[in-house]
Amino acid sequence: MILASASSGRETWPSWVLLVATVLVSGLFITGPVLRRRYPLAWWLLLGFPATALRVMYTWRALMAGCGLAVSRRPALTVVSGLVGNGAPPPQPRVPRRGLVRPTAGGFWLLVRLLPGQVPEDFVKAAPAMAEDWQVHAVRVTSWKPGTVRVAASVCDPLAAPRVPKQRGPGHLLRVAVGVLETGTAWVLDLRRIPHWLIVGATRSGKSTLINALVAGLAPQPVALVGVDCKGGMELSLYEPRLSALATNREQAVQLLTALVDLTLDRMTVCRAARVRNIWGLPDTERPVPVVVIVDEIAELFLVANRNEKDEAQAAGTALIRLAQLGAALGVFLVVAGQRVGSDLGPGVTALRAQLGGRVCHRVADPGTAEMALGDLNPDALKAAQAITPEQAGTAVLASGDGWERARSHLITEAEAEAVAAEYTHLTPVLSELHVEAQ
């Protein structure tokens with residue numbers, strides 16, 4: 001009798017497990033719409049990702065064959081299969097080997113090992129077909145290492161309504177979350193890692209919004225902010241209470257940039273005397289304050305109408321190039337912005353561009369500006385930037401030596417910009433050597 005009860009318990013145990021699993025799955029599907037609306041990340045990890053991963057695994061072989069990424073077996077094997085197998089179907093073609101499908105906050109990624117003769121560009125061309133087949137927003141293919149590509153998918157468009165959590169406190173020095181990447185992760189500008197940036201964009205493309213987000217994130221930090229706005233200070237004057245210096249015309253800009261070069265050389269002397277290679281090797285009590293120089297509308301510095309203006313433009317360009325060459329190690333960082341940046345502004349612009357390792361390109365009015373911003377880094381990034389439409393204000397392509405991404409900046413209104421400047425006025429460092437005379 002005891003044996004019979006034990007046997008009965010063992011028989012009912014799988015039934016209970018199946019019943020509980022069925023109830024849990026049914027509950028998840030019933031509450032799915034509410035869960036997706038209120039807790040999208042939880043919905044994706046519990047329901048969306050498992051279903052999508054199964055779809056990827058189920059359709060992989062047919063998708064590779066349909067995209068021309070499968071390779072037929074050798075003809076001899078096909079003949080032998082027919083003879084030995086009595087007319088059996090020939091062996092299936094080889095398809096690229098797929099790794100595990102791994103979830104992200106807004107999608108998934110996997111690694112694919114290429115077959116002999118294949119190149120990453122073959123998979124780049126197949127990306128739209130993958131997105132359609134897997135029913136996701138977009139698929140992006142990048143090289144991972146020789147012979148392997150990384151396939152990353154976004155289920156929805158995170159750039160449609162970027163949500164970046166508000167920064168609490170000063171955060172990491174010279175590191176600011178300014179928006180969201182296409183992958184759904186935060187778009188972080190880290191000046192310690194990439195010290196100098198070029199930002200281009202036409203009117204109402206989102207360039208000013210990005211600068212507002214950057215300055216608003218830097219304002220609570222122990223850094224000096226310096227502005228060069230040769231349009232009479234129309235843009236950067238919002239932050240004037242938080243700026244250690246502001247130049248509003250080209251003559252003032254030359255004075256300020258020359259003073260910054262002298263400041264950089266002084267810091268070089270300090271580092272040399274302390275036998276360190278940069279200011280970060282100095283003790284905290286002796287380390288000079290980092291300086292972030294924001295240049296708005298770079299074309300105003302380089303456009304000339306007469307000989308005197310030409311000399312000023314050359315002086316400003318030379319100072320900027322020297323700051324870009326020396327500043328990273330000595331705590332001086334450049335953020336150069338403009339609606340139009342091209343070689344027609346003079347050789348100084350091209351030389352400066354080469355020193356700005358980080359690039360951000362919004363929608364631009366002429367292809368030459370996009371080419372100047374991204375053409376020397378990545379042709380795929382250039383194509384993505386040229387595809388940005390006027391309706392996608394704030395959307396940009398950012399590129400560096402590490403690769404490229406699509407992103408969208410967090411909206412900072414003019415009222416918010418003024419409020420940030422007023423709130424952190426007390427943190428403005430006084431740098432007497434950067435005094436600019438009114439013109």
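Before any of the text, the structure's been laid out above.
These lines cover the structure that appears in this document, whether it is placed above or below. Predicted, not measured: the structure shown is a model, and the values here were computed from it.

This paragraph deals with the overall build of the chain. Scanning the chain from N- to C-terminus turns up 13 helices and 15 strands. The buried share among the 439 residues of the chain stands at 44%. Long-range contacts, defined here as pairs at least 24 residues apart, represent 64% of the contacts in the chain between residues at least 6 apart.

For the rest of this paragraph, the subject is helix α6 (residues 207-218). For α6, which comprises 12 residues, the first-to-last C-alpha distance of 17 Å matches the rise-based estimate of 16 Å (1.5 Å per residue) to within 8%. Among the 12 residues in α6, 11 count as buried, and that is most of the element.

Over the atoms a probe the size of a water molecule is rolled, and this reveals where empty space is left. Evaluation of the coordinates by the stated rule reveals 1 cavity of 30 Å³ or more. Around the largest cavity, the lining residues are L198, I298, F302, V336, V341, V349, L352, R353 and L356. Here the element with the most residues in the lining of the largest cavity is helix α10 (residues 347-355); it accounts for 3 residues. In terms of residue class, the lining of the largest cavity is made up of 8 nonpolar, no polar and 1 charged.

The element strand β11 (residues 291-296) is largely enclosed, with a buried count of 6 among its 6 residues. Where burial is concerned, the two faces of β11 agree: the one with V291, V293 and V295 and the one with V292, I294 and D296 are both buried. As judged from the 6 bridges shared by strand β9 (residues 224-229) and β11, these two strands associate in the parallel manner. Residue pairing for β11: D229 is matched across the bridge by D296. Summarising the sheet, β11 and strand β12 (residues 332-338) pair through 5 bridges and their orientation is parallel.

What follows concerns α10. For an α-helix, the turn length of 3.6 residues means that residues three or four places apart are oriented alike. V349, L352 and R353 are the residues of α10 that are buried. Viewed end-on, α10 has its buried residues packed into an arc of 105°, placing them on one side of the element. In α10, the exposed positions that point more than 90 degrees away from the buried face belong to P347 and A354. Here the buried face of α10 lies against β8 (196-200), α8 (299-302), α9 (307-330), β13 (358-361) and α11 (367-374).

Close contact between α11 and helix α12 (residues 379-386) brings their axes to 9 Å; oriented N to C, the two are set at 145°. Crossing geometry of α11 relative to α12 is assigned as right-handed. Only A381, L382, A385 and Q386 of α12 make contact with α11, whose side of the interface consists of P367, A370, E371 and L374. Residues belonging to the contact of α11 with α12 are distributed by class as follows: 6 nonpolar, 1 polar and 1 charged.

So, about the side chain of S154. Relative to the helices and strands, S154 is located in strand β5 (residues 148-154). At a separation of 3.3 Å, a polar atom in the side chain of S154 contacts the main-chain carbonyl oxygen of E182. Beyond its immediate chain neighbours, meaning those up to four positions away, S154 contacts G106, G107, V136, H137, A138, E182 and T183.

So, on to the packing of α9 against α10. Orientation of α9 relative to α10, taken along the N-to-C sense of each, is 15°, at an axis distance of 9 Å. Our classification of the angle between α9 and α10 gives roughly parallel. Seen from above, α9 lies across α10 with left-handed handedness. The segment α9 lies against α10, with L320, I321, A324 and Q325 engaging G348, A351, L352 and Q355.

Attention shifts here to the sheet that holds strand β14 (residues 395-400). If you trace the 10 strands from one edge of the open sheet to the other, you get β7-β6-β15-β14-β13-β8-β12-β11-β9-β10, paired in mixed fashion. Two strands close off the open sheet at either side, each with one partner strand: β7 (186-190) and β10 (243-247). For this sheet the average axis-to-axis angle between neighbouring strands, irrespective of direction, equals 25°. Pairing of strand β6 (residues 175-181) with β7, which is carried by 5 bridges, proceeds in the antiparallel orientation.

A few words on the packing of aromatic side chains. Inspection of every chain in the model, using the stated rule, returns 5 aromatic pairs. Ring plane angle 70° and centroid distance 5.9 Å describe the contact between W44 and F49, whose orientation is recorded as edge-to-face. F49 carries the same exposure label as W44, and that label is buried. The cationic tip of R98 hangs over the ring face of W60; the distance from NZ or CZ to the ring centre is 6.0 Å. The ring of W280 has R192 sitting right over it, with the charged end atom 3.8 Å from the ring centre.

What follows concerns the pattern of salt bridges. A complete count under the given rule lists 6 salt bridges for this structure. With its nearest N and O atoms 2.8 Å apart, the salt bridge here joins E182 to R406. You can see E182 sitting in the loop between β6 and β7 and its partner R406 sitting in strand β15 (residues 403-409), a full 224 residues away along the chain. R406 matches E182 in its accessibility class, with the two residues each being buried. Between K207 and D296 there is a salt bridge; the shortest N-O distance is 4.0 Å. One end of the pair, K207, is in helix α6; the other, D296, is in strand β11, and 89 residues separate them in sequence.

Let's shift gears to unusual backbone geometry. The backbone of R204 sits at a positive phi, close to 65°, despite the residue not being glycine. Among the secondary structure elements, R204 is positioned in the loop between β8 and α6. Residue R204 is classed as exposed on the basis of its relative accessible area of 76%.

Each value, and the rule that gives it
- Residues numbered from 1 in each chain as written.
- Predicted model: local features only at pLDDT ≥ 70, side-chain atom pairs only at ≥ 80, totals over all residues.
- Heavy atoms only, no water.
- Helix = DSSP H or I, 4+ residues; strand = E, 2+ residues; numbered from the N terminus.
- Buried < 20%, exposed > 50% of the residue type's maximum accessible area, 1.4 Å probe, protein only.
- Contact = heavy atoms within 4.5 Å.
- Expected span 1.5 Å × (residues − 1).
- 1 Å grid on protein atoms, 1.4 Å probe; cavity = no way out; pocket = protein on both sides within 12 Å on 5 of 7 lines; lining within 4 Å.
- Points joined across faces, edges and corners; volume = space filled by probe spheres on them.
- Nonpolar A, V, L, I, M, F, W, Y, C, P; charged D, E, K, R; others polar.
- Pairing = 2+ DSSP bridges.
- Arc of directions from axis to C-beta.
- Axes fitted to C-alpha atoms, helices over the stretch in contact; angles between N-to-C directions.
- Left-handed = near helix turned anticlockwise from the far one by under 90°.
- Polar contact = N/O pair within 3.5 Å; in protein donor to acceptor, adjacent residues only side chain to side chain.
- Parallel < 35°, antiparallel > 145°, perpendicular 65-115°, else oblique.
- Phe/Tyr/Trp six-rings, centres within 6.5 Å; stacked < 30°, edge-to-face > 60°.
- Lys NZ or Arg CZ within 6 Å of the ring centre and 35° of its normal.
- Salt bridge = Lys/Arg side-chain N within 4 Å of Asp/Glu carboxyl O.

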